[in-house]
Structures are given as structure tokens and as C-alpha cells.
Amino acid sequence: MSSRRGQLVIVSGPTASGKSSLWRRLVSHPQVRFSVSATTRAPRKNEVDGRDYHFVDDARFDEMIAQGELLEWAEVHGCRYGTPREPVVKAIDAGFDVVLEIDVQGAISLRESGLPTISIFVAPPSREELEQRLRARGTETEEQMARRLTIVDQEMAAAHEYDHVVVNDDLNRMIDEVETLLNLQPHEG
């Protein structure tokens, strides 16, 4: 890496907007790293501890807060999520961009962290499309889905607070747009 300092690349958006697909593509670039968040929620099918999230219980999460191990944390959809401080700061200081997939509350905290940031909000083409994507995912109960959908409007209302808003009406086009924003070489295909 060069002597350039990296930056936090904050990726937010409503549930099922395409945030995970975006960060998975971004971290395939050699100068980009992913910050694995800690969460108190249970793993979904195919999620791996340490890769997708650090799955911790409430007691460990409380300890992380008390010891200042988190850059930010928030309660979202009834579970807590937080960004471990040490790996993010080390990567930025080494010249890597660090992608953080976080909720709107966490993005606000990170922009105030003093670290260099660029924030990107991933928006669905419409609320109706987002609801169809969420239902097709089939991972939430009706109660969980209703709770998530009530939060969508609040999240969408915060989009103007981000440096960039990208609409995920075509996944590859949206990813190419973000790669251009970050001065990354777009992938072929």
C-alpha cells in the first residue's frame, strides 16, 4: 500500500436494498477491507461468525461498550450492532479503505468519529420493490417483516444526509457507480 491514509466507506440503506451484495463486491478489490460488525442477533442461514458478523451475547456486547472497543453501536430491529474500533483504525492507518455496512444511526456516529469517511446510501427503486425483495428472502417472520417495513420510511428519509445516494435498480450498474465514486477499477462482466 502507499503512504495514503484510507477512509471509512459507510454503506447504509433499508433492509433488502442490496447493501450486502455491494460490500461483497467492493472487498474483492485489493485496497478495500470489510469491517465485520458485532451483533447480538442470531445468525441467518449461511452466515458465518467472524465473516458476516461477530455474533455475541448481550453480556459480551455490554463489555465491549464498557471497554470502549466499539466506534459506534446502536439497537436496530430489536438487536444491537456495533463496529469494533481496533481493526478499523489499523486498516485505515495502513492505507486501506474500510467498508462498513451499518444502519442510519451508526452512520451518524461514524461521521462524527474523526476518521475520514465517505457515506453511500443504497436505495431501492421503490418501497414496493423493497418489500417484494424482503418477502422473497423468506428469512423474517411476519412480525419481524412488519417491524422492518415500518423502519424503511425513516431510513429512506435519512438518505439526504449521505454523501452519495445510489439506486439499486440494476445491481451491476449500481456497483459500477460506487466503484467509480471510490476510484476503484470496475470488475469485468
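For the structure, check the block above.
Residue numbers run consecutively from 1 along every chain, following the written order of its sequence. Totals for whole chains, interfaces and linings use all residues, but because this is a predicted model, local features are given only for residues with pLDDT of at least 70 and pairs of side-chain atoms are given and counted only at 80 or more. The basis for the side-chain values is all heavy atoms of the structure; hydrogens and waters are excluded.

Trainee: How do you make sense of the packing of helix H1 (residues 19-26) against helix H7 (residues 171-181) when you look at a structure like this?
Mentor: To describe two helices that pack against each other, one gives the angle between their axes and the distance between the axes. Across the interface, H1 lies against H7 with an axial gap of 10 Å and an inter-helix angle of 55°. Our classification of the angle between H1 and H7 gives oblique. Crossing angle aside, the handedness with which H1 passes H7 is right-handed. Where H1 approaches H7, its residues Ser21, Leu22, Arg25 and Leu26 are matched on the opposing element by Leu171, Asn172, Met174, Ile175, Asp176, Val178 and Glu179. Fitted lines through C-alpha atoms give the axes, limited to the stretch in contact for helices. The angle between two N-to-C directions lies from 0 to 180 degrees. We count a stretch as a helix when DSSP gives it H or I for four or more residues in a row; a strand needs E for two or more, and each element gets its number in order from the N terminus. An angle below 35 degrees is read as roughly parallel, one above 145 as roughly antiparallel, one from 65 to 115 as roughly perpendicular, and any other as oblique. In this scheme, a crossing is called left-handed if the near helix is turned counterclockwise away from the far one by less than a right angle; it is called right-handed if the turn is clockwise. Here a residue-residue contact requires only that any non-hydrogen atoms of the pair lie within 4.5 Å.

Trainee: When you look at the sheet that holds strand E7 (residues 97-101) in this model, what are you seeing that I'm missing?
Mentor: Working definition: the strands of a sheet are paired by backbone hydrogen bonds and lie parallel or antiparallel to each other. On the basis of which strands lie adjacent, the open sheet formed by five strands has the order E2-E7-E1-E8-E9 and parallel pairing. With one partner strand each, in any of the chains shown, strand E2 (32-34) and strand E9 (164-167) form the two edges of the open sheet. Across this sheet, the average inter-strand angle for adjacent strands is 25°, counted without regard to direction. Pairing between strands requires that DSSP locate at least two bridges from one strand to the other. The sheet contact formed by E2 and E7 spans three bridges and is parallel. Bridging from a neighbouring strand, Arg33 pairs with Val98 of E7.

Trainee: Would you mind showing me how to read the layout of surface pockets here?
Mentor: Remark: the empty space left among the atoms is shown by a probe the size of a water molecule rolled over them. Of the pockets and cavities examined, the largest pocket occupies roughly 750 Å³. The wall of the largest pocket is formed by 32 residues, among which Lys19, Ser20, Arg44, Tyr53 and Glu101 lie closest to the centre. Of all the elements in the fold, those that place two or more residues in the lining of the largest pocket are H1, strand E5 (70-76), strand E6 (79-84), helix H5 (127-137) and helix H6 (142-157). Considering each element in turn, the lining of the largest pocket owes the most residues, five residues, to H1. We place a 1 Å grid over just the protein atoms. Points where a 1.4 Å probe fits but has no way out form a cavity, open points with protein on both sides within 12 Å along at least 5 of 7 lines form a pocket, and any residue with an atom within 4 Å of a point lines it. Grid points are joined across faces, edges and corners, and a volume is the space filled by probe spheres set on the points. Reported here for the second largest pocket is a volume of approximately 200 Å³. Lining the second largest pocket are Arg41, Ala42, Arg44, Val76, His77, Cys79, Tyr81, Thr139, Glu140, Gln144, Arg147 and Arg148.

Trainee: Which parts of the structure should I look at to understand H6?
Mentor: Owing to its 3.6 residues per turn, the α-helix aligns residues three or four sequence positions apart on the same side. If you check H6, its first and last C-alpha atoms are 24 Å apart, about what 16 residues at 1.5 Å a residue would give, namely 22 Å. We define the bend at any residue as the angle between the axes fitted to the seven residues before and including it, ending there, and the seven starting there. The largest bend in H6 amounts to roughly 25° and is located at Ile151. At its buried positions, H6 is contacted by helix H4 (104-111), strand E8 (117-123) and H5. Expected span of a helix: the number of residues minus one, times 1.5 Å.

Trainee: Where do I start with the pairing of E7 in this structure?
Mentor: Side-chain direction in a regular strand flips from residue to residue, so the side chains alternate between the two faces of the sheet. Working definition: with a 1.4 Å probe on protein chains only, accessible area under 20% of the residue-type maximum means buried, over 50% means exposed, and in between means partly exposed. Among the five residues of E7, five are classified as buried, and the element is accordingly described as predominantly covered. The sheet contact formed by strand E1 (residues 8-12) and E7 spans four bridges and is parallel. Within E7, the residue paired with Leu8 across the bridge is Val98.

Trainee: How do you make sense of the nonpolar core when you look at a structure like this?
Mentor: Generally speaking, soluble globular proteins have nonpolar side chains that are buried together. To qualify as a nonpolar core, a set must consist of buried Ala, Val, Leu, Ile, Met, Phe, Trp, Tyr and Cys residues joined through side-chain atoms within 4.5 Å. Among the nonpolar cores identified, the biggest contains 19 residues, and Leu8, Val88 and Leu110 are the most heavily contacted of them. Beyond its immediate chain neighbours, meaning those up to four positions away, Val88 contacts Leu8, Ser35, Leu71, Thr83, Val98, Leu100 and Leu115. One finds Trp23, Val36, Val122 and Ile175 within the second-largest nonpolar core, a separate group that totals 18 residues.

Trainee: How should the pattern of salt bridges be read in this particular structure?
Mentor: A side chain with one charge may pair with a side chain of the opposite charge, provided their charged atoms come close. Whenever a carboxyl oxygen of Asp or Glu lies within 4 Å of a side-chain nitrogen of Lys or Arg, that contact is scored as a salt bridge. Following the criterion strictly, the structure yields 17 salt bridges and no others. We note a salt bridge from Asp58 to Arg80, for which the minimum N-O separation is 3.1 Å. Note that Asp58 is positioned in helix H2 (residues 58-66) and Arg80 in strand E6, a separation of 22 residues in sequence. With relative accessibility at 12%, the residue Arg80 sits in the buried group. Two residues, Arg127 and Asp153, come together in a salt bridge whose shortest N-O distance is 3.3 Å. Of the two residues, Arg127 is situated in helix H5 and Asp153 in helix H6; the sequence distance between them amounts to 26 residues. Residue Arg127 is classed as partly exposed on the basis of its relative accessible area of 32%. When its relative accessible area of 45% is taken as the criterion, Asp153 is described as partly exposed. Within the structure, one salt-bridge network assembled from shared partners comprises Arg127, Glu131, Arg135, Glu142 and Asp153.

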